[in-house]
Amino acid sequence: FAPDVFVSIFAGTLIDRSNKKNVVLWLNTAFAFAFLAAGIYLNTYSFNYNMLLLFTFIISVISAFENLTFMSVFPELITKGMESKAYSVTNMIYPL
């Protein structure tokens with residue numbers, strides 16, 4: 001949870017100043033590369049706890065940016081007057 005607390009302080013201003021749709025695409029690409037790199041590492045080397053901590057930290061930082069970006073772009077995607085229903089459905093589906 002530490003990256004969520006510390007990264008979100010600065011990430012909000014960066015996200016608001018940029019194109020949010022592009023940020024979402026780049027963050028999803030970063031997720032894909034992080035998991036690909038982890039898979040290649042585990043296929044090549046044996047398990048290393050320090051690498052697990054590094055991977056978890058990288059994923060947490062990317063996730064902190066992604067959560068802020070999603071929450072800032074979400075109101076632009078839904079129809080006016082349907083905000084509460086959209087947030088309800090999102091909160092039910094998002095954990096899946």
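Residues numbered from 1 in each chain as written. Predicted model: local features only at pLDDT ≥ 70, side-chain atom pairs only at ≥ 80, totals over all residues. Heavy atoms only, no water.

(A) Summary view of the overall build of the protein. Within the protein one finds 4 helices and 0 strands. Relative to the globule expectation of 12 Å for 96 residues, the C-alpha radius of gyration of the protein, 16 Å, shows a markedly less compact shape. Projected onto the principal axes, the alpha-carbon positions of the protein cover approximately 55 × 30 × 25 Å. Intrachain contacts of the protein at a sequence separation of at least 6 include 76% that bridge at least 24 residues. (Helix = DSSP H or I, 4+ residues; strand = E, 2+ residues; numbered from the N terminus. Rg over C-alpha atoms; globule rule 2.2 N^0.38 Å. Contact = heavy atoms within 4.5 Å.)

(B) Summary view of the packing of aromatic side chains. Summed over the entire model, instances satisfying the criterion amount to 2 aromatic pairs. Arranged with centres 5.1 Å apart and planes meeting at 40°, the rings of Tyr41 and Tyr45 form a pair that is tilted. Residue Tyr45 is classed as exposed on the basis of its relative accessible area, which comes to 52%. (Phe/Tyr/Trp six-rings, centres within 6.5 Å; stacked < 30°, edge-to-face > 60°. Buried < 20%, exposed > 50% of the residue type's maximum accessible area, 1.4 Å probe, protein only.)

(C) Region of interest: the packing of helix H1 (residues 2-16) against helix H3 (residues 49-77). One way to put it is that H1 packs onto H3 with a least axis distance of 9 Å and a crossing angle of 45°. By the angle between their directions, the pair H1 and H3 is classed as oblique. Note that H1 runs across H3; the crossing there is right-handed. Contacts between H1 and H3 pair Pro3, Asp4, Val7, Ser8, Ala11, Gly12, Leu14 and Ile15 from the former with Phe57, Ser60, Val61, Ala64, Phe65, Leu68, Thr69 and Ser72 from the latter. (Axes fitted to C-alpha atoms, helices over the stretch in contact; angles between N-to-C directions. Parallel < 35°, antiparallel > 145°, perpendicular 65-115°, else oblique. Left-handed = near helix turned anticlockwise from the far one by under 90°.)

(D) Structural detail: the side chain of Thr69. Within the secondary structure, Thr69 sits in helix H3. A relative accessible area of 0% places Thr69 in the buried class. Within the local environment of Thr69, its side chain forms a polar contact with the backbone oxygen of Phe65, the two atoms lying 2.8 Å apart. Beyond its immediate chain neighbours, meaning those up to four positions away, Thr69 contacts Ile15, Lys20, Val23, Val24 and Leu27. (Polar contact = N/O pair within 3.5 Å; in protein donor to acceptor, adjacent residues only side chain to side chain.)

(E) Representation of the confidence of the model for the protein. In this model, the protein carries a mean pLDDT of 84, and residues with pLDDT of at least 70 account for 97%. Confidence, expressed as mean pLDDT per element, reaches its minimum in the protein at helix H4 (residues 83-93) with 75 and its maximum at helix H2 (residues 20-44) with 92. (pLDDT = per-residue confidence, 0-100.)

(F) Focus on H2. The terminal C-alpha atoms of H2 lie 36 Å apart, and with 25 residues this matches the ideal 36 Å at 1.5 Å per residue to within 8%. Along H2, the residues classified as buried are Lys20, Val23, Leu27, Phe31, Ala34 and Ala38. (Expected span 1.5 Å × (residues − 1).)

(G) A look at a nonpolar patch on the surface. Taken together, the side chains of Leu42, Phe47, Tyr49, Leu52 and Leu53 make up a nonpolar region of the molecular surface, amounting to roughly 530 Å² of accessible area. Looking at the nonpolar patch element by element, the count peaks at 3 residues for H3. Within the secondary structure, Leu42 is located in helix H2. (Patch = residues over 30% accessible without salt bridge, like charges linked within 9 Å, V, L, I, M, F, W, Y side chains within 5 Å. Areas by Shrake-Rupley, 256 points an atom, 1.4 Å probe, with all protein chains shown as cover. Salt bridge = Lys/Arg side-chain N within 4 Å of Asp/Glu carboxyl O.)

(H) Region of the structure containing the side chain of Lys20. Its location among the elements puts Lys20 in helix H2. Not counting residues up to four positions away in its chain, the partners in contact with Lys20 are Ile15, Thr69, Ser72, Val73 and Glu76.

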